[in-house]
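Here is what each chain is made of, one letter per residue.
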Amino acid sequence: MKYKSQKVAYWFFGLCMLLLSLQIIYGFIMGFARIGFDGLHDFIPFNTARAVHTNLLVVWLLTGFMGAAYYIIPEEAQRELVNVKLAYVQLISLAIVGVVAVVGYHFNHWEGRKFLEIPRELDFLVVVNVLLFLGLILATLFKGKQKTTTSLVLTMGLLFAALLYLPGMIWFDSQVMDSFFRWWVVHLWVEGVWELIMGGILSFLLIKLTGIDREVIEKWLYVIVGLTFLSGLLGTGHHYYFIGVNKIWLVVGGIFSALEPLAFLAMALFAVNMYRKGEKSHPNKIALYWTIGASIVSFIGAGLLGFAHTLPQTNLYTHGTLVTAMHGHLAFWGAYAMIVLAIISYALPNLTGRKRYDSSQGRMAFWLSNIGMLGMTVAFGVAGVAQVYMERKMKMDFMDVQNEISIHFVVLVICATMFTVGISLFIYDFFKHGKPTDEALEKKPNNGNSSKEINNIPNVKVVYSEETN
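It should be emphasised that the depicted structure is a prediction, and the values quoted were computed from it without experimental measurement.

Give me the lowdown on the environment of Leu412, citing residues and values where you can.
Within the fold, Leu412 resides in helix H15 (residues 406-432). Distance from Leu412 to Ala379, taken between C-alpha atoms, is 5.5 Å for residues 33 residues apart in sequence. Once residues lying within four places of it in the same chain are set aside, the contact partners of Leu412 are Met376, Ala379 and Phe380.

Describe a nonpolar patch on the surface, listing the residues and the values that go with them.
On the surface, a nonpolar cluster with roughly 610 Å² of combined accessible area is contributed by Phe242, Ile248, Leu250, Val251, Ile255, Leu316 and Tyr317. When contributions to the nonpolar patch are tallied by element, the ones reaching two or more residues are helix H8 (248-259) and helix H11 (312-318). Top contributing element to the nonpolar patch by residue count: H8, with four residues. Along the chain, Val251 turns up in helix H8. Judged by its relative accessible area of 47%, Val251 falls in the partly exposed class.

Account for helix H3 (residues 84-105), with residues named and values stated.
For H3, which comprises 22 residues, the first-to-last C-alpha distance of 32 Å matches the rise-based estimate of 32 Å (1.5 Å per residue) to within 8%. For H3, the complete set of buried residues consists of Ala87, Gln90, Leu91, Leu94, Val97, Ala101, Val102, Gly104 and Tyr105. Mapping the buried residues of H3 onto a view down its axis gives an arc of 165 degrees, with all of them on the same face. Of the residues in H3, the exposed ones pointing more than 90 degrees away from the buried face are Lys85, Ile92 and Val99. Where H3 is buried, its residues meet helix H1 (8-34), helix H2 (46-77) and helix H4 (120-143).

Lay out unusual backbone geometry in plain terms, naming residues and giving numbers.
At Gln78, a position not held by glycine, the phi torsion is positive, near 60 degrees. By secondary structure assignment, the location of Gln78 is in the loop between H2 and H3. The exposure class assigned to Gln78 is partly exposed, which follows from its relative accessible area of 33%. Here the phi dihedral of Asn108 falls at roughly 60 degrees; this positive angle occurs in a residue that is not glycine.

Which residues make up the packing of aromatic side chains, and what values go with them?
Scanning the entire structure with this criterion turns up 32 aromatic pairs. The interplanar angle of 20 degrees and the centroid separation of 5.7 Å between the aromatic rings of Trp220 and Phe270 together place this pair among those described as stacked. Of the two residues, Trp220 sits in helix H7 (residues 214-235) while Phe270 sits in helix H9 (residues 261-277), which places them 50 residues apart along the sequence. On the numbers, 5.0 Å between centres and 80 degrees between planes, the contact of Tyr240 with Trp249 is edge-to-face. A network of ring pairs unites the aromatic residues Tyr289, Trp290, Trp333, Phe366, Trp367, Phe419 and Phe426 as a single cluster.

Help me get a handle on the nonpolar core, residues and values and all.
In this structure, Tyr70, Trp189, Trp194, Ile201, Trp333, Tyr336 and Ile339 are the most contacted members of the largest nonpolar core, which totals 150 residues. By residue number, the principal contributor to this core is helix H12 (residues 322-352), which donates 21 residues. Apart from residues lying up to four places away in sequence, Trp194 is in contact with Val58, Leu61, Leu62, Phe65, Ala161, Trp189, Phe332 and Tyr336.

Reading the values: the criteria
- Residues numbered from 1 in each chain as written.
- Predicted model: local features only at pLDDT ≥ 70, side-chain atom pairs only at ≥ 80, totals over all residues.
- Heavy atoms only, no water.
- Helix = DSSP H or I, 4+ residues; strand = E, 2+ residues; numbered from the N terminus.
- Contact = heavy atoms within 4.5 Å.
- Patch = residues over 30% accessible without salt bridge, like charges linked within 9 Å, V, L, I, M, F, W, Y side chains within 5 Å.
- Areas by Shrake-Rupley, 256 points an atom, 1.4 Å probe, with all protein chains shown as cover.
- Salt bridge = Lys/Arg side-chain N within 4 Å of Asp/Glu carboxyl O.
- Buried < 20%, exposed > 50% of the residue type's maximum accessible area, 1.4 Å probe, protein only.
- Expected span 1.5 Å × (residues − 1).
- Arc of directions from axis to C-beta.
- Phe/Tyr/Trp six-rings, centres within 6.5 Å; stacked < 30°, edge-to-face > 60°.
- Core = buried A, V, L, I, M, F, W, Y, C linked by side-chain atoms within 4.5 Å.

Given below as structure tokens:
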């Protein structure tokens, strides 16, 4: 690592691992319930498990994005974080809010709005926490020696994510109005500003891992930002088809939803093209796997599978079925979970000084988790198509259909087990690296000489870090 304050990122990544583990546990509770093993129902009913599962997803990804920012921004700005103590305060307060929210769900203390179940009083604590985070990041960036496109896109994504949380806090008596603005948070996060965050992290990783000139990579970022805003903003309309809004959204939502895969296609082409052109053989192959994998899987999960069921003519049948779960799982995994695991894989050796670049656990973690997630996606997809046919065409009762498709959840649980083994290996590798240490800090010349001056001294070699770019 280049700056001591980057160590803050490690503890955010550690919280990520804990929250991801809890999310998987609650996923298994739901999976077993769907095949008839619902022994925990009196304590953790299905709706509670689902709320915890989905909210933990959002929180651990946001925690990962924050950790990524605390690692990337000091390096891009070329200065230490402005206040390390406040960063730790922000981490602890974020963890406390998460714990209180999850415990509250088990006592039916929530708003009942999907993905935004968190009680209103905790909403205000989230806003304070995020404002503190943004204050630290923005102050570090603007006091820094440079402001790169990579850091600005990442910061812009984080800032807009905070602003778009606010519409979800507005109270409406109308279900239509509430749903309308709820999607400003949910859709414009995951299919809008989070893509900017992903693009910023992806750009940083490709600069470090491929050796391609920064200007070339950052020009691609402009293309991605443009496609994201072109398609993502009005693509929100595909959530408005059947909630009572004007029918114009059938046209607007349909057209711009069809364009949304372009942003993810651009990311996939961007990453693969940079990798193929790269002249740098970086030793951290695991980080490279996660980076390239994130761009490709996000295009399949978020782009193609999203397009497959968001057009009005298709969505009329697939809306509210397991087809949505098929798309959602692979989209979140590829677009956001994998990019968080990529930055963790890259940062850990630099933070701890332990160069576990090529461990067998790391490679198995990558392949088992991805194969397991692909299997889960197929199981959801087959179950969803069967559900659509029986419910929409054969007019069967909802619960009768759930009994008929329960066999697909046996396959899903098996694939989820493979996925969990992969994630467990990743977490094992995370802790095997150990804690961050000051010995991992890059040594800088302390005599005031520039590198040019040092190069002119006889018999002195300058060894550049692998991160120099």
